[in-house]
Amino acid sequence: MLTKFETKSNRVKGLSFHPKRQWILASLHSGVVQLWDYRMGTLIDRFDEHDGPVRGVHFHRSQPLFVSGGDDYKIKVWNYKLRRCLFTLLGHLDYIRTVQFHSEYPWIVSASDDQTIRIWNWQSRTCISVLTGHNHYVMCAGFHLKDDLVVSASLDQTVRVWDISGLRKKTVAPGGEDMLRLPQMNADLFGGGDAVVKYVLEGHDRGVNWAAFHPSLPLIVSGADDRQVKLWRMNDTKAWEVDTLRGHVNNVSCVMFHARQDIIVSNSEDKSIRVWDMAKRTGVQTFRREHDRFWILAAHPEVNLLAAGHDAGMIVFKLERERPAFATHATILYYIKERHLRTYDFQSQRETTLFSLRRQVTPGFNQGPRTMSYNPADNAVLITSDAEGGSYELYVIPKDHRGDPAPESKRGLGACAVFLARNRFATLDKASNSILIKNLANEVTKRCSSPCPTTDAIFYAGTGNLLCRSDDKVVLFDVQQRSTIAELSTPFIKYCVWSSDMSHVALLSKHAIIIADKRLGNSCTVHETIRVKSAAWDDNGVLIYTTLNHIKYCLANGDSGIIRTLDVPVYITKVFGNSIFCLDRDGKNVQLQVDTTEYMFKLALLQRKFDQVLAMIRNSALCGQSIIAYLQHKGFPEVALHFVKDERTRFNLAIECGNIEVALQSAQELDDKDTWHRLGIEALRQGNHQIVEFSYQKTKNFERLSFLYLITGNVEKLGKMLKIAEMRNDIMGRFHNALYLGDVRARIRILEEAGQIALAYATAATHGLSEEAERLSDGLEDPPELDPKARLLLPPPPILKEDNWPLLTVSKGFFENLVATGKEPEADGEIEELDMGEGVGAGWGDDLNLEAAEDGEVDGDEAEEGDEEAEEGEGGWEMEDLELPPELSQPQAVAGADSVFVAPTPGLPASQRWIQKCNLAAELAAAGDFPAAMRLLNRQLGIVSFGPLQPYLLDLYTGSHAALPTLPGVPTLAAALDRNWSSSESSKSPTAPALVYDLSLLTERLNAMYKSVTAGKFTEGLRQTNVMLHMIALTVVDTRREVDDLKELLNIVKEYNIAIRTELARKEVRDNPARSAELAAYFTHAKLHPRDRALGLNSAMGIFWKAKNFATCATFARRLLELNVPQALGQKARQVLQACERTPTDALDINYDPRNPFDLCSLTFTPIYRGNPYVECPFSGARFQPSCKGKVSPVGDIAKIGMDASGLACLPGQSR
């Protein structure tokens, strides 16, 4: 059995697969109908209108409908798109067992404990026929897929086949509707004549629980309480028993024919599912559950899937693997289809059958070919299967061999078998944990021990090398040298795919792909939410892989994306350009055409082949936010500029890549305040004061303009700003500008006008303006005393006035050149001259106007005429020599010459490298990628409330960085602290951030918590447990042993958290003696330190003694004496025990059974006894009552109860 999906719920009584979508309906004993997506493993919807158990449910074949029937005697028809019940059909007088839609007509058949079968028209919403004849409960009824027949099973020990052709004729015939309007009273009582019994099948000794038709043959199968499965055959005149299948040891609940194989599947209350061979009529497989009885089976009408419902939920499963075994060499595909070895030529697309395999395969037993390995040197194939616990067959294909008979095969036992060299292959012997090297005569030539103690599979890894899979890693093993070359931590690997040049390998697990080089280095991991099925490398080194419903790509650096969707799963065999060759599950070759533009674009960008990037931009329809976001994320915003027509996005990209020219163009188009403000900030960062000035003018930001003129030494424009402030009647603006200008008289005048006579006097007196000071002192009653040490407040005079910062001459990048010139560079490395044509630089030479300025003035020296005259001739350039200041006469860099200074490209910051290499939440938080860390915590631990974790996430980030002091007045330097830094490898690139939380810190916290609890400081103890829980979620360890220590610590902290909260809850209900006693008793069952357990038992003993519950009090005294307690406490316990044994009674009735093991729900503080349903906190593992599902767990206050999560991942390289 290959389990594809499993749920945990109340008892499942009814199941139905959707015929097209990956959905399944499950009706529960609790009255709920659940709709699941079994491929994604998610609950889509739930329908809860029935009162009592729902025993039958069925999807309509084409309409968005399903029908359900329950113990409330109601049949409900639902529309799952509208998510509601459309109508209810009433008529049955007892429990409804099964319901089913007809495949063609608008009919529903239902079976009921009222001993009748009813057929309903769901369009007219009426009962059109009642089938009576059974004299006990009718357990099931179902339509035949093609014929006008109904089969039913009853506890009257019979199976009946009903002919409903009369009903069809009456319904389909003209006037049929009028006939249906006749009074139904007699039909309700005695059954109508339009459905008659054709056969009554008697043979079971007890009640029959299920009967079903074969989809195409005239066969019926039934299962009953006599523990037998019977096979029946019928013709036009009679039906008879063919055989009886025995093996179940309890009532057979359900039985059916497999839709695609000659097998029968049954399940039973003996907790097993059995598979029977129809030809041999013997059992071939049995699957058992430990505690759960099976009740219902369902088969998918088109796909090889089965589902079974049991006491604790349901499972969706397959009986055998459907992946065809295949191997590819050059342009030939070798594969197995219908027990024949075939070849397929990718170029001519021609199939050829070589020979049939000799081995017979038992249906439903999962013994078919599993893998294939091809040896081109000897034209041989190795085929492995799971038969006999793992076996292989070696065929040497003769030249020009076509058809039967098959060549003689060499067989042997081995878990895996792969070719290793020209005439050698390797097999794995699990029993001795050794690798056997054999020749083509199947003789052992060498034996070596496996590199891992638990190797369970081997894969080819180049001549003489093997990849050995063990637990959570793969090891590259050199068979000749018997040495380990490299190893890599991975999830459980299922398949291994090498690139054509053997430079890269893709390791495929169930939900992840790991790409590494030939020495298992430079690995990256791609995670998938649904199962990965196959993969192949294309000629460009891109991995193309399939999931259940997509074809995707993955580059060597881990970038991935979707190429197209799939209707059915396929297995990629070869990739040629835009063509992908696949095998489907029937072994049929399929060729798919795909658009490779997206991943070829990303590949060219990764390889920095900008000419190809440009060609793709111009010639393909690449567009969309995903491509733009990808380019931004990868540090190519200048490339993204070529995709963007929207000015807002274009402006944002230009700001990001520092392209001031493009940003200015977009800002002029947008012309809003925020855009100009951002442009000003970026221009100021680059030292382009002209654009800063223009931006501030556009936003009328006069304060920033004044400060800009101050720092650039533009005194003239500061004076203009002073005039503007006067016109705007801006007192503070006037004062600031006067202060920047050093104009003392203007400042005195402004202060005087503002009524600040004392300040005006102090300013005049300090700056030596005695006349002004005397005049102002006359208006003051008490002139202020001046500090003799006062200093003059004057700005420094500007020495040199510059418009913009001087810039280095650098060669423009490929795309910057394209932006500037609009055309491609003609040759690699050639640097374009600046285009100084018409319109270029317009608006830059003139002074930018201010509101207060009447006429613009031109700054700078005027050009003087040169000594040399212009050359004579027609239309020549007038080139003049300029007299430049001597300080500017040093040699200048010429664009395109050898002296060009190319600015070094900045490397990736350490935090970015950490994000690329790390896969643990704590490491991502330390690197600053908080969203990724939170997503990981949600997926792994079910954490939904991140408020309590915020200080710890910030501590991780600040703890992984340090600030280094520099010169006075210069900002500090930020340094990233790497966990693996070594002075001997100081130039090594960052690998992982230093972390502030480790096991030693948690151990200290644990000891402090022990002291608080022992001292009775429960509130402090609870706070400390919550702190430790938050730290544990963000702790990283280095070894497997430390992983176990951390999980043990988590369990200890969880127990203390629940125990402390129980004690605090007890103190809140002291007025309720019974409830207080219950909580005291629950506290004693927490797994605490023996010292704290003794304190809890002593406290409970005292509480129950006072409550006169002597019988229960005696149990606490006995448990206390079992511990090594001090003598005084032991003496007290013995005295209490003696007194309690005299009167072993309980005065209070409480919900506590000391002999029945239980877990405590720490939300409701009620016991969950063994065998009762529960839900868990995905982080701490604390258990809760089912009603608590969806709430935030109080154990840590961060995780969602009942949420599916992969579990704690705390070891680098560990992937869940």
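So, how was this worked out
Residues numbered from 1 in each chain as written. Predicted model: local features only at pLDDT ≥ 70, side-chain atom pairs only at ≥ 80, totals over all residues. Heavy atoms only, no water. Helix = DSSP H or I, 4+ residues; strand = E, 2+ residues; numbered from the N terminus. Buried < 20%, exposed > 50% of the residue type's maximum accessible area, 1.4 Å probe, protein only. Contact = heavy atoms within 4.5 Å. 1 Å grid on protein atoms, 1.4 Å probe; cavity = no way out; pocket = protein on both sides within 12 Å on 5 of 7 lines; lining within 4 Å. Points joined across faces, edges and corners; volume = space filled by probe spheres on them. Pairing = 2+ DSSP bridges. Arc of directions from axis to C-beta. Polar contact = N/O pair within 3.5 Å; in protein donor to acceptor, adjacent residues only side chain to side chain. Phe/Tyr/Trp six-rings, centres within 6.5 Å; stacked < 30°, edge-to-face > 60°. Axes fitted to C-alpha atoms, helices over the stretch in contact; angles between N-to-C directions. Salt bridge = Lys/Arg side-chain N within 4 Å of Asp/Glu carboxyl O. Lys, Arg positive; Asp, Glu negative; His and termini not counted.

### Some remarks on the overall build of the protein chain
Of regular secondary structure, the protein chain possesses 29 helices and 61 strands. Buried positions account for 49% of the 1216 residues belonging to the protein chain. Taking all contacts inside the protein chain whose residues are at least 6 apart in sequence as the whole, residues at least 24 apart take part in 48%.

### Side note on empty space enclosed by the protein
Scanning the entire structure with this criterion turns up 1 cavity of 30 Å³ or more. Along the walls of the largest cavity sit L920, A921, A922, L937, Q940, L941, A1033, L1034, T1035, V1036, L1208 and A1209, which together make up its complete lining. The set of elements that each furnish at least two residues to the lining of the largest cavity consists of helix 20 (921–926) and helix 21 (930–941). It is helix 21 that contributes the most residues to the lining of the largest cavity, 3 residues altogether.

### Regarding the pairing of strand 37 (residues 417–421)
Among the 5 residues that make up strand 37, 4 are buried, leaving the element largely enclosed by the rest of the structure. Two strands pair when backbone bridges link them, and strand 37 and strand 38 (residues 424–429) are joined in this way by 4 bridges, in the antiparallel orientation. Bridge pairing in strand 38 links V418 to A426. Between the end of strand 37 and the start of strand 38, which pair antiparallel, lie 2 residues.

### Focus on helix 14 (residues 731–741)
Those residues of helix 14 that fall on the buried side of the exposure criterion are G733, R734, N737 and A738. For helix 14, the arc enclosing every buried residue in end-on projection is 130°, short of the 170-degree limit, so these residues lie on one face. Of the surrounding secondary structure, the elements contacted by the buried residues of helix 14 are helix 12 (702–712), helix 13 (715–727) and helix 15 (744–753). The N-terminus of helix 14 is capped by D730, whose side-chain oxygen sits 3.4 Å from the backbone nitrogen of M732.

### Concerning the packing of aromatic side chains
For the structure shown, the criterion picks out 33 aromatic pairs. With centroids separated by 5.2 Å and ring planes inclined at 80°, the aromatic side chains of W23 and Y80 adopt a geometry described as edge-to-face. In this pair, W23 sits in strand 3 (residues 23–28) while Y80 sits in the loop between strand 8 (74–79) and strand 9 (84–90), placing the two residues 57 residues apart along the sequence. Since its relative accessible area comes to 12%, W23 is described here as buried. In this structure Y80 comes out as buried when scored by relative accessible area, which is 10%.

### So, the environment of Y1169
One can find Y1169 in strand 59 (residues 1166–1169). For Y1169, a relative accessible area of 15% puts it in the buried group. Separated by 13 residues in the primary sequence, Y1169 and N1156 place their C-alpha atoms 6.8 Å from one another. Non-local contacts of Y1169, meaning those with residues more than four positions away in its chain, are made with N1151, Y1152, D1153, N1156, P1157 and F1158.

### Considerations on the sheet that holds strand 38
With antiparallel pairing, 4 strands are arranged side by side in an open sheet as 37-38-39-40. Two strands lie at the open edges of the sheet, namely strand 37 and strand 40 (444–449), each paired on one side alone. Across this sheet, the average inter-strand angle for adjacent strands is 30°, counted without regard to direction. Bridge analysis of strand 39 (residues 434–439) against strand 40 gives 5 bridges, and the strand direction is antiparallel. Residue pairing in the sheet places I437 in a bridge with K446 of strand 40.

### Examining the sheet that holds strand 1 (residues 2–8)
If you walk across this open sheet you meet the 4 strands as 1-28-27-26, and the pairing is antiparallel. Two strands in the sheet have a free side with no partner beyond their single neighbour: strand 1 and strand 26 (294–299). Strand-to-strand, the axes of this sheet are offset by a mean angle of 15°, without reference to chain direction. Note that strand 1 and strand 28 (residues 313–318) share 6 bridges and pair antiparallel. Each bridged residue has a counterpart across the sheet, and for T3 the counterpart in strand 28 is F317.

### Some points on the pattern of salt bridges
Tallying each qualifying case throughout the model produces 40 salt bridges. E322 is the salt-bridge partner of K318, the closest N and O atoms lying 3.1 Å from each other. Look at K318 and you get buried, because its relative accessible area is 5%. Salt bridges sharing partners connect three or more residues here, namely E6, R289 and D292.

### Re the side chain of R747
Relative to the assigned elements, R747 resides in helix 15. Although R747 is buried, it makes no salt bridge; D743 carries the closest opposite charge, 7.9 Å away.

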